[in-house]
Structure formats: structure tokens, C-alpha cells
Amino acid sequence: MSEKKSWTKSFFIGSWNVINFTRKFVLNLIFFIILIAVLVGISNSSGEKSTVDKSSALVLNLTGNLVIEKQYVEPAAKFAAEAFGQATDNPEILVRDLVKVINNAKEDKRIEALVLQLGGLGGGGLDKMRLVAAALVDFKTSGKPIYAMGDYYGQNQYYLAAHADNLYLNPMGAMIIEGYGRYRMYYKEGLEKLRASVNVFKVGKFKSAVEPFLRDDMSPEARLANETWMNELWAQYKSDVAIARNMDISNFDEKMEQLLPKFESVNGDFAEYALQNGWVDGLRSRNEFREEMVALLGEADNKQGYNTVGYQKYLGLITPKIALPESSKDKVAIVIAKGTILDGTQKPGTIGGDSTAALLRAARLDDKVKAVVLQVDSGGGSAFASEVIRKEIDLIKAAGKPVVASMATYAASGGYWISASADEIIAEPSTVTGSIGIFGMMTTFERTLEYVGVRTDGVGTTELAGMSPTRALSPGIKQIIQMNIERGYERFINLVATERGMTADAVDKIAQGRVWIGTQALELGLVDKLGNLQDAIESAAALAELEDYDIKYIVKTLSDKELFWQSFLAGTASMFSGLDIEPKTSAFQEILARVDADLKQFTQLNDPLATYAMCIECQVE
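All of the points below concern the structure found in this document. (Residues numbered from 1 in each chain as written. Predicted model: local features only at pLDDT ≥ 70, side-chain atom pairs only at ≥ 80, totals over all residues. Heavy atoms only, no water.)

Turning next to the overall build of the protein. Looking only at helices and strands, the protein features 21 helices and 21 strands. Per-residue burial for the protein yields a buried fraction of 45% across its 621 residues. Expressed as a percentage of contacts within the protein between residues at least 6 apart in sequence, the contacts between residues at least 24 apart total 77%. For the protein, the accessible surface area stands at approximately 31700 Å², while carbon and sulfur atoms represent 55% of it. (Helix = DSSP H or I, 4+ residues; strand = E, 2+ residues; numbered from the N terminus. Buried < 20%, exposed > 50% of the residue type's maximum accessible area, 1.4 Å probe, protein only. Contact = heavy atoms within 4.5 Å. Areas by Shrake-Rupley, 256 points an atom, 1.4 Å probe, with all protein chains shown as cover.)

Here you go:
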């Protein structure tokens, strides 16, 4: 017996020693990998040139979407993505950084040309594209040329490329301007097959955010509303590009009867079609483009053949490593409200009722801040969180500081709610706004469970007890929720009526969840004027009677832990660069990702009363 116990004891001790050794080995291995990465990063940074060569081209090799605020990414996740050659899920470019780079390059005598490489550029909204385009136009006043060279131009990429002096396309490349569309997946029949019960509560015949769960196609009301604002957005896009390219607006081939004859005449060659149609100035292979740049800037001993500096490196060179001390001037504060509006405290890139209210509170309590600009880029979300944020705007105004709302790509539904109480609302011509309506949605799965033989039963002391996704909502509960949704809509209508000097009936006629674009919103009285962020800053300063002032962004301060890891991991990913372990996705995986994205828009919502002022239908493709 003692021998058996001894054998058992030895087995467990031996197993623990193996596990403990493995644990220590793995931890030490990770430690030494990080240590080597840090040393290599330091070595690389010390040996890397920190200046720009004379006669260089600034290459705007952009990857990601243009945004007014970046989503927060954990430093370790960012390190891993950079180290192993993986892109982050949604790479982003801060639009004010990009404009700063272009403006600085205009005055930089070392920069003699600007090259647009836009293959990795995603979207971001026409308002942000216009800001960058304006910077490109201003850059050209220096006499320095702008070149655009691409293998393929999508619609957003072409908008910027159209502002180049020389716009080239690879002979094997392609481009086509497809216009705007809003196509969604509809789940009604699929949910019925799953026997899920979707309980929807809404006000507003145009409030179509929840349609995919109730229908198998787009409703006539949603179709009418979407066509109206998208046609206006498309007209603005065409006008901007036509002016930039000095061509007629009729040159856009919107129908197959226009496109097919042109395409047949070039024997199905996309590149030749683009050239013949005046979309590009010439067709160039990569080597031909390189030779043209060498002739312009001179030859250099590097793989490009001419001196270049990329976007990220140049941004790093012109950005102070240490934050400069604030001046003693009065300030116009900018608070950014970008993303879905959720309850509580949220990371940058998402609007939190508490966290965004805290930023507004900081602006109110800062004695040097004399006026506030709320820059909104949101399709809405939680009605409760929207009201928490709006209350802070009331408090800022009560403190004698004017507030101006600056609407970016979206300021709809909850995004309009948080803007409504500003002293002045300024929208971009292309801003998607309105969508004044409320909805709630709860899905229960009692029929799904019954189908597989699972049922829920029990007792409660009241008729309210036991609400659960496994039980059907009672008629009384449904009536209570619908009454609350209707009260929320009434509150929304009255808020807009009060703040905009309108009657509730007048607001209701242009509300009902209907989406409007900036130019239409101006005519309807939902906004005060059209303009961009700079216009909003100037209006806020004028309202505060400021002449000499600085601009101050009020942002969330990183914790000591976040600052440490951000600093520790910065720059150490270079030792692993070049390793491509990016997984390849199939068409089926992309469909699943789209379904996941659709569902995530709802599963992340956390309003205490499940009441939402949200414009999911605002997004275009």
C-alpha cells in the first residue's frame, strides 16, 4: 500500500515539475523575445535616418479609413499586428494628421513633389475627403506637382486622385465609379426558420434600422428616403470630381447603355476605358513611373531609384516627441463624439454617455476654455446616453460658454440628439443627419427551444417576474415597452422643437425617422449653416468674442499603465517585419463577417431601457 502511495505521489510530483518547467520556459522565452525586440528596435531607430533627403517626394501611401478620432487599440495587440505583418481589423488615418502632413510638405524645401499611393485607402465620408482635397489644392499653389499612381482606383481613392496634376493608372489596372448604394441583408425568413421571436417597438414610418429583422426586402418608405439623400450625395461627388478633372458632369456612366458601348470600343480593357474616358492622364507601369520620377527628382541609391519619404515617417518627423506646454491664450475646446453612442464609459472611437460627458465637463471646468465645439460623427445609439451628453451641453451654456456642433459624415438620430442643444449647428453639405425616431428590439427564443424539446416554466410573485430570452413577452409587457418608445419619440420631437424654434407638429413632419443630407437639413431648419470644422471653430470664437485664441482638443488621458506599455512596445515590432501570416479570407467568410457586423450593431447596444435613437440605415457602400 505504501509503495502504491509512493508511486502516486511521485507521479504527481513529476507531472508538476514538468508543468512548472514548461511554464517557466515559456515565460522566459517570451521575456527574451521582447527584450531582443526592444534592443533591435533601439538599434534600428538609432541607425535610421531621421531626416528627409533633398529633392524628395512625399509618398502618401495611405492605409485605412479617414476618421476624426481613432479607435483605441490595446498596445500589445497593436505590437503583435505590426510585428507579424498583420493589419489591424479596421486601420484608420486621423484626417487632421494627414492634412498637417500635406500642409507641412508644402513649405518643406526638401519636398519637391507629392505622390498619392491610395491602394490601401478605404472610406471615411465625403466631408473628410473634401478636407484632404482642399489641402492638396493648397499644396499645388507652391508650384510642386502632385502625382497619383495606382493599380486600381475605387470610388473614394479616385476622389483624391482626381486632384493630382498627373493621374496615372497601371496598364493592367482598372477603375470604375459605381455610385452610392445601400444594400442590406434581411433575416426575417431565416429567423422564422429558427423560430426566433423578434419583438420590435418603434415610432416613425421611415425608421428602418430594424427592418432586416421584420422583412425580407426594403420597405417602400425606406427606399424613398434612401434614394432621396443618396442621390444628393452622389450629385455632390460628381460635381467635386468633375471640377477637379475639368470635365463635364455627364461623363459619369451611370447606366449600362452608356457604359457598354465605351467598354466594347476598347475591347474590354478597363485601363484603356479609363484613359479614353478622360478619367486618367496616362497609363504607366511601375517602372515607367519610377523613370519619370527619377527624371524629375534625380537618381538615388535606393530601391525606389529616387528619394522618397513615406506618410508615417514624415508624420513622425514633424510631430514633437514631447508635448509642448500650453500657451496662456484663451481656448476654443474641441470635444470629439465619434462612433456608436453607448451607455457608461467607453474607449476613444466610441461615444460613452459617461466618458463623453466627462470630456465636456472638463471643458466646462477649464477656466481657459471660453467656447466649445462638439464635433459629431455618429449615427446614434443609446437614447439614455445621448441625453446624459446633451445635459452637459446645457451646463456648458449655463456657464456662459457658447457651444457649436460641427457635424461630420454622420450626425443622425442620437447624433442629432446630442447636437440639438448647441447654440449653433454647422453641417457639411454631405452630412447625413435627421433620422429623428426611436426604436427598441428584443429577441426571444422560446419557440426555438420548444422545437428541440426545451421549455421554460416556473412561478413569480408578479406578472413582471421572469422576463427572459427563453420566454415570450406578454401582451402587457409589449404594450408597456411600446408606450415607453412613443414617449421617447415625443421627448425627442419636443427637444428639437424647443431648440430649433419650431412647433412639435412641424418637427414631426420632417422626423418619423427620415434621413436628410446636409443641404436638405439646412432648408428644413435642422441646421444653421453649412461648413466644416474650421467654420465651427470660428463661429464658436465669434460667439465668445475671442480674437486671439488657441485650439485645444479635450481627450481622454491614458493611465500610467497604458502609457508605459505604449512606450515600451513602440518601435519594437520592426524585428519581425516582413513575416506575412495574414490569414486569407474566402467569399463565404466575408459573408459571415458581414452577418456578424450586422448583428454586432445590435448586440453591443446597452441602453438601460433598450431604447435607441440610432440610424443604421445611414451607411452607404
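Now that the structure has been shown, we can carry on.
Turning next to the pairing of strand β17 (residues 438-444). The buried fraction of β17 amounts to five of the seven residues, a majority that puts the element mostly inside the structure. Across seven bridges, the pairing between strand β6 (residues 197-203) and β17 is antiparallel. When the bridges of β17 are listed, S197 appears paired with T444. (Pairing = 2+ DSSP bridges.)

On the surface, a nonpolar cluster with roughly 260 Å² of combined accessible area is contributed by Y152, I176 and F270. Positionally, I176 belongs in the loop between β5 (166-175) and α6 (188-193). (Patch = residues over 30% accessible without salt bridge, like charges linked within 9 Å, V, L, I, M, F, W, Y side chains within 5 Å. Salt bridge = Lys/Arg side-chain N within 4 Å of Asp/Glu carboxyl O.)

This part takes up helix α7 (residues 220-245). The terminal C-alpha atoms of α7 lie 37 Å apart, and with 26 residues this matches the ideal 38 Å at 1.5 Å per residue to within 8%. Positive phi appears at N246, one or two residues downstream of α7, with a value of about 55°. (Expected span 1.5 Å × (residues − 1).)

Bringing the environment of Y153 into the picture now. Structurally, Y153 can be placed in strand β4 (residues 146-153). When its relative accessible area of 1% is taken as the criterion, Y153 is described as buried. Along the primary structure Y153 and I176 are separated by 23 residues, whereas in three dimensions their C-alpha atoms are 7.3 Å apart. The contact partners of Y153, leaving out residues within four places of it in the chain, are A148, Y158, A161, L167, Y168, L169, A174, M175 and I176. Within the local environment of Y153, its side chain forms a polar contact with the backbone oxygen of A148, the two atoms lying 3.4 Å apart. A polar contact of 3.5 Å, which involves the side chain of Y153, links it to the backbone nitrogen of M149. (Polar contact = N/O pair within 3.5 Å; in protein donor to acceptor, adjacent residues only side chain to side chain.)

This paragraph deals with the packing of aromatic side chains. In total, this model carries 15 aromatic pairs according to the counting rule given. Taken together, a centroid distance of 6.2 Å and an interplanar angle of 75° make the contact between Y168 and F289 edge-to-face. Within this pair, whereas Y168 is found in strand β5, its partner F289 is found in helix α10 (residues 286-297), the two being separated by 121 residues in sequence. When sorted by exposure, Y168 lands in the same class as F289, which is buried. Each ring, one from W417 and one from F492, has its centre 4.7 Å from the other, and the planes form 40°; the classification is tilted. Of this pair, W417 sits in helix α14 (residues 414-417) while F492 sits in helix α16 (residues 475-500); the two residues are 75 residues apart in sequence, bridging distant segments of the chain. Judged by its relative accessible area of 0%, F492 falls in the buried class. By way of ring pairs, the aromatic residues Y153, Y158, Y159, Y180, W234, Y237, F252 and W279 are connected into one cluster. Above the ring of Y553, the side-chain terminus of R96 is found at 3.9 Å from the ring centroid. Above the ring of Y168, the side-chain terminus of R284 is found at 4.2 Å from the ring centroid. (Phe/Tyr/Trp six-rings, centres within 6.5 Å; stacked < 30°, edge-to-face > 60°. Lys NZ or Arg CZ within 6 Å of the ring centre and 35° of its normal.)

Here we come to the nonpolar core. Nonpolar side chains tend to gather and get buried jointly when the protein is soluble and globular. Grouped together as the largest cluster of nonpolar side chains are 79 residues, with contacts concentrated most on L60, Y158, Y237 and W279. Setting aside chain neighbours within four positions, we find Y158 in contact with Y153, L167, M175, I177, Y237, V241, R245 and W279. Core analysis: the second largest hydrophobic core is formed by 51 residues, A333, L359, V507 and W516 among them. (Core = buried A, V, L, I, M, F, W, Y, C linked by side-chain atoms within 4.5 Å.)

Turning our eyes to something else, we now look at the side chain of T444. Turning to its location among the elements, T444 is positioned in strand β17. By relative accessible area, T444 is classed as buried at 3%. A polar contact is formed between the side chain of T444 and the side chain of E446, at a distance of 2.8 Å. Setting aside residues up to four positions removed in sequence, T444 forms contacts with A196, S197, N199, S468, P469, R471, A472 and L473.

Taking 1.5 Å per residue as the helical rise, helix α13 (residues 383-398) with its 16 residues ought to reach 22 Å, and the 23 Å between its terminal C-alpha atoms agrees with that figure. Those residues of α13 lying buried are A383, A385, S386, I389, R390, E392, I393 and I396. Where α13 starts, the residue carrying a side-chain oxygen 3.3 Å from the main-chain nitrogen of F384 turns out to be S382. A positive phi of about 85° marks G400, the residue just after α13.

This part takes up the environment of T350. Within the secondary structure, T350 is located in the loop between β10 (341-342) and β11 (351-352). Sequence separation between T350 and G339 is eleven residues; the distance between their C-alpha atoms is 4.4 Å. If sequence neighbours within four positions are ignored, T350 has contacts with Q71, K338, G339, T340 and L342.

Even without being glycine, S55 reaches a positive phi, approximately 55°. Structurally, the position occupied by S55 is in the loop between α1 (2-47) and β1 (56-67). Judged by relative accessible area, S55 falls into the partly exposed class, the value being 22%. The residue S435 is not glycine, and still its phi comes out positive at about 55°. Among the secondary structure elements, S435 is positioned in the loop between β16 (432-434) and β17. Residue classification places S435 among the buried residues on the basis of a relative accessible area of 0%.

Shape is all these values report; function is a separate question.
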